[in-house]
Structure formats: structure tokens, C-alpha cells
Amino acid sequence: MIPLIVSALRDPGWAGALSPSTWTDLVVQARETGLLARLGERIDREIGLDAVPAGPRRHLSGAMAHVRKQNEDVRREIDWIRRALAPLDLDVVLMKGAAYVARDMAPAMGRSFEDVDILVPEPRLAE
């Protein structure tokens, strides 16, 4: 059996017709897998959050707001990193989630993460 979260991410329109108990299960799965905000973004883009019952919509909206705030914080942190490394004349190469956020790429949508990973040439690590 395919987990609810996989079905909902594949076809967000499917989520519009869920029973209250299935919504509860979906929100739990999405939260446990760290995909609640991503699910909210997908549903919002495909069918609109208004198609979601009020209870689950609050969970989705809250997760989406949290991730958007994180993304703002990451953009600010990227700027600080660039300024801190500017005297070293290093190109800042962002990795993973931070790179997606900095370039406003689709994989950043609803993505939550804890840190900013950068790539630095090994001979220059000591600097």
C-alpha cells in the first residue's frame, strides 16, 4: 500500500476529497516525514488551500509559514557567509537546500532544513 503522503504529493487534487480521519492520518504522515510544508505548497498550487478542511489547512498553513520564515533566514545567512568570505576572494558554492533557496528553485518549495552547507577548496580550509 502506498503511504498517504506519497499519494497526496503525486496528485494533490486527490487530497481535496479526503475524510476527516484520513486527513488526520495524512497530516501525521506529512509531519513525521518532514513534508507537511511541501504538501501544503503542492496542494495550494494545484487546487488551492481553500479546498482543504479548516483543521488540516491550519496545519499546512502553519508549516508553510514556518518554512517561508526559514527560507528568509537562510537568505540572510547566505549573505552573511558571502560577506565573511569576501576578503578571502573565495567563490561561495552553496550545497543542497541552501542552493535551492538561493536560486528560487522548485526543490526549495516547502523544504525545511537546519543549516547552510558550503563547498570550499580543501587547500583553503584553514583560511
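Scoring rules and cut-offs
- Residues numbered from 1 in each chain as written.
- Predicted model: local features only at pLDDT ≥ 70, side-chain atom pairs only at ≥ 80, totals over all residues.
- Heavy atoms only, no water.
- Helix = DSSP H or I, 4+ residues; strand = E, 2+ residues; numbered from the N terminus.
- Buried < 20%, exposed > 50% of the residue type's maximum accessible area, 1.4 Å probe, protein only.
- Contact = heavy atoms within 4.5 Å.
- Axes fitted to C-alpha atoms, helices over the stretch in contact; angles between N-to-C directions.
- Parallel < 35°, antiparallel > 145°, perpendicular 65-115°, else oblique.
- Nonpolar A, V, L, I, M, F, W, Y, C, P; charged D, E, K, R; others polar.
- Salt bridge = Lys/Arg side-chain N within 4 Å of Asp/Glu carboxyl O.

Participant: Provide a residue-level description of the environment of Asp-44, including the pertinent values.
Facilitator: Summarising the element assignment, Asp-44 is placed in helix α3 (residues 36–46). Residue Asp-44 is classed as partly exposed on the basis of its relative accessible area of 35%. Separated by 37 residues in sequence, Asp-44 and Ile-81 place their C-alpha atoms 33 Å apart. Excluding anything up to four places from it in sequence, Asp-44 contacts Leu-49 and Met-64.

Participant: Give a detailed account of the packing of helix α2 (residues 20–32) against α3, specifying residues and quantitative values.
Facilitator: Angle between the axes and distance between the axes are the two parameters that describe a pair of packed helices. It is at 7 Å that the axes of α2 and α3 come closest, and there the two elements cross at 125°. Judged on the interaxial angle alone, α3 and α2 are oblique. For the pair α2 and α3, contact is made by Trp-23, Leu-26, Val-27, Ala-30 and Arg-31 and by Leu-36, Leu-39 and Ile-43, respectively. Split into classes, the residues belonging to the contact of α2 with α3 amount to seven nonpolar, no polar and one charged.

Participant: Tell me what's going on with the pattern of salt bridges, and back it up with residues and numbers.
Facilitator: Applying the stated rule across the entire model yields nine salt bridges. Asp-117 is the salt-bridge partner of Lys-96, the closest N and O atoms lying 2.9 Å from each other. With Lys-96 in helix α5 (residues 96–102) and Asp-117 in strand β2 (residues 117–119), the pair connects residues that are 21 residues apart, well separated along the chain. Taking relative accessible area as the criterion, Asp-117 reaches 24% and is therefore assigned partly exposed.

Participant: Can you lay out the side chain of Glu-41 for me, pointing to particular residues and giving the numbers?
Facilitator: Within the secondary structure, Glu-41 is located in helix α3. For Glu-41, a relative accessible area of 15% gives the class buried. In contact with Glu-41, other than residues within four places in its own chain, are Met-64, Arg-68, Met-109 and Gly-110.

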